[in-house]
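# Residue-level structural notes
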Amino acid sequence: MKVSLLGGMAALFPNAKAQDAPCRPFRLHAGVRLPTSEERRQADAKTSPAFDNIRGEIEATLALHGTSVDWNGEFWKCVRPYLKLDRDGDGLSDWTVSIDAAPSPVLIPLDPDLDGDGVENLFDVAPNDARLGSITPKGLPPHLVARDAETRALQLRIYERYGLVAVDNSDAHSPGVLRTVDELLEGLPEIMRQARGLRLLFAFAGHDARHDQAAYHRQMRALSLGGRKSYPDRLDAAARAELLHTLAHEIGHAVLFDLVGPAELQNFASHQAGWRDVFAERPETSLLGPAFFRPFPRRSVSTPAPLSPYAKRNLHEWFAEAYAATALKRLIARGRLDASQVRQRGIERLDENTENWVKRLADFDG
Ligand SMILES: [Zn+2]
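Remember, it's a predicted structure, so these values are computed and weren't measured experimentally. (Residues numbered from 1 in each chain as written. Predicted model: local features only at pLDDT ≥ 70, side-chain atom pairs only at ≥ 80, totals over all residues.)

### What about the overall build of the protein chain?
Helices and strands together make up the secondary structure of the protein chain, namely 11 helices and seven strands. The C-alpha atoms of the protein chain give 21 Å as radius of gyration, which agrees with the globular expectation for 366 residues (21 Å, within 12%). Referenced to the eigenvectors of the C-alpha coordinate spread, the extents of the protein chain come out at roughly 60 × 55 × 35 Å. Counting every position in the protein chain, which comprises 366 residues, the buried fraction comes to 44%. A sequence separation of at least 24 residues applies to 62% of the contacts in the protein chain between residues at least 6 apart. (Helix = DSSP H or I, 4+ residues; strand = E, 2+ residues; numbered from the N terminus. Rg over C-alpha atoms; globule rule 2.2 N^0.38 Å. Buried ≥ 20, exposed ≤ 12 C-beta atoms within 10 Å, placed from the backbone. Contact = placed C-beta atoms within 7 Å.)

### As for the packing of helix α10 (residues 315–333) against helix α11 (residues 352–362)
Two elements in contact, α10 and α11, have axes separated by 10 Å at closest approach and are oriented at 85 degrees. With respect to each other, α10 and α11 are oriented roughly perpendicular. Facing Ala322, Tyr323 and Thr326 of α10, the residues of α11 in contact are Thr354, Glu355, Val358, Lys359 and Ala362. Looking at the contact of α10 with α11 residue by residue, the classes come out as four nonpolar, two polar and two charged. (Axes fitted to C-alpha atoms, helices over the stretch in contact; angles between N-to-C directions. Parallel < 35°, antiparallel > 145°, perpendicular 65-115°, else oblique. Nonpolar A, V, L, I, M, F, W, Y, C, P; charged D, E, K, R; others polar.)

### Some points on helix α8 (residues 237–260)
With 24 residues, α8 extends 32 Å from end C-alpha to end C-alpha; this agrees with the ideal 34 Å at 1.5 Å per step. Ala254 marks where α8 bends most, by close to 30 degrees. Positive backbone phi, approximately 85 degrees, marks Gly261, located one or two places after α8. (Expected span 1.5 Å × (residues − 1). Bend = angle between axes of the 7 residues up to and from the residue.)

### Things to note about the domain arrangement of the protein chain
Interface size is commonly expressed as the accessible area that is lost once the parts come together. Domain parsing of the protein chain yields domain 1 (8–123), domain 2 (142–248) and domain 3 (256–362). Computed from C-alpha atoms alone, the centre-to-centre distance between domain 1 and domain 3 is 32 Å. Residue-level contacts link five residues of domain 1 with five residues of domain 3. Tallied by class, the residues present in the side of domain 1 that touches domain 3 amount to two nonpolar, two polar and one charged. (Domains from an automatic or database assignment.)

### Quick notes on the packing of helix α5 (residues 149–162) against helix α6 (residues 175–187)
For any two helices packed against each other, the geometry is given by the interaxial angle and the distance between the axes. Contact pair α5 / α6: the axes reach a minimum separation of 9 Å and the direction vectors enclose 25 degrees. Classified by the angle between their axes, α5 and α6 sit roughly parallel to one another. For the pair α5 and α6, the sense of crossing is left-handed. Across the interface between the two elements, Glu150, Thr151, Leu154, Gln155, Arg157, Ile158 and Tyr162 of α5 pack against Pro175, Leu178, Arg179, Val181, Asp182 and Leu185 of α6. Among the residues making up the contact of α5 with α6, the classes are represented as seven nonpolar, two polar and four charged. (Left-handed = near helix turned anticlockwise from the far one by under 90°.)

### Side note on the nonpolar core
Counting 86 residues, the largest nonpolar core has Leu201, Leu244, Ala248, Tyr323 and Leu328 as its most contacted members. Considering each element in turn, this core owes the most residues, 11 residues, to α10. In this structure Tyr323 touches Ala248, Gly252, Val255, Val358 and Ala362, once residues within four positions along its chain are discounted. (Core = buried A, V, L, I, M, F, W, Y, C linked by C-beta atoms within 7 Å.)

Have a look at this one:
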């Protein structure tokens, strides 16, 4: 089972409990200084063009799901000062609340360069200080480089070959996991062309190796995975196959946003995959629209039935499962994965029609 697209962030913070602040900023790397309460208080006392820019967007996104925003309610009162912060005064709020269909309590940096020094936050040794980090490093900057030699070698290889940055967060990356990432991308190099929205791999302590393996975070263009607390340094064949499927599934979430779009998904899903009853008369204009989060209609006599129980949860999960099955079939065909390792992952139930649709959309090679 995978973390859903919705609200996944909260689950990634094992220490985030209900009694914690209703919103909390996300630390991109260990060296980041977070805004103090005094800075937030001062920001909230002023008008902010950045806030004026973002508030309508947030209200509109939530209105799609029938939720209105009360800026004086407990949650939004906590969020508001962060949205008003705009350190480099470029009109872009420093922070945003992560929203898919509902707001997550974890705030992420919206401005990719908070201090405006020309170095992206993640690569910036001091993202809040324009005097530090003004030279863009060519390779990975020291604050991101893994300590363990084997992990470091894999981290550099994945960065150099695919432009993906593996960043330690609440866990340290596991060489077993990074080796599997490398094997997936070596077997299916077209993935990085398909998942344009994917740039980061975070290691989180909240994931495990079985039930809650990974999540895709669209606004951060990131996947989060378990690290050394969850995985051994060497994965056996079954664990490797399981992780390959999970990675492909989460990348499928990214591909849906990058390559597919609401009209294409609605068209195929309603006419050829039995999902018509989730849609109202009016077509959805956003992948975050409510129809895409409704479960598979029970009464629907579908040919074919969704690939797996998980694929019935909603169309985001259905697409991610279809993409994963298509990708793993390619991996098997290229001799990179033994078919016997991935039974009951929906591959047998992937119909030709859906497979061809995914292959065409995602532009799989050969
Ligand atoms: Zn999923």
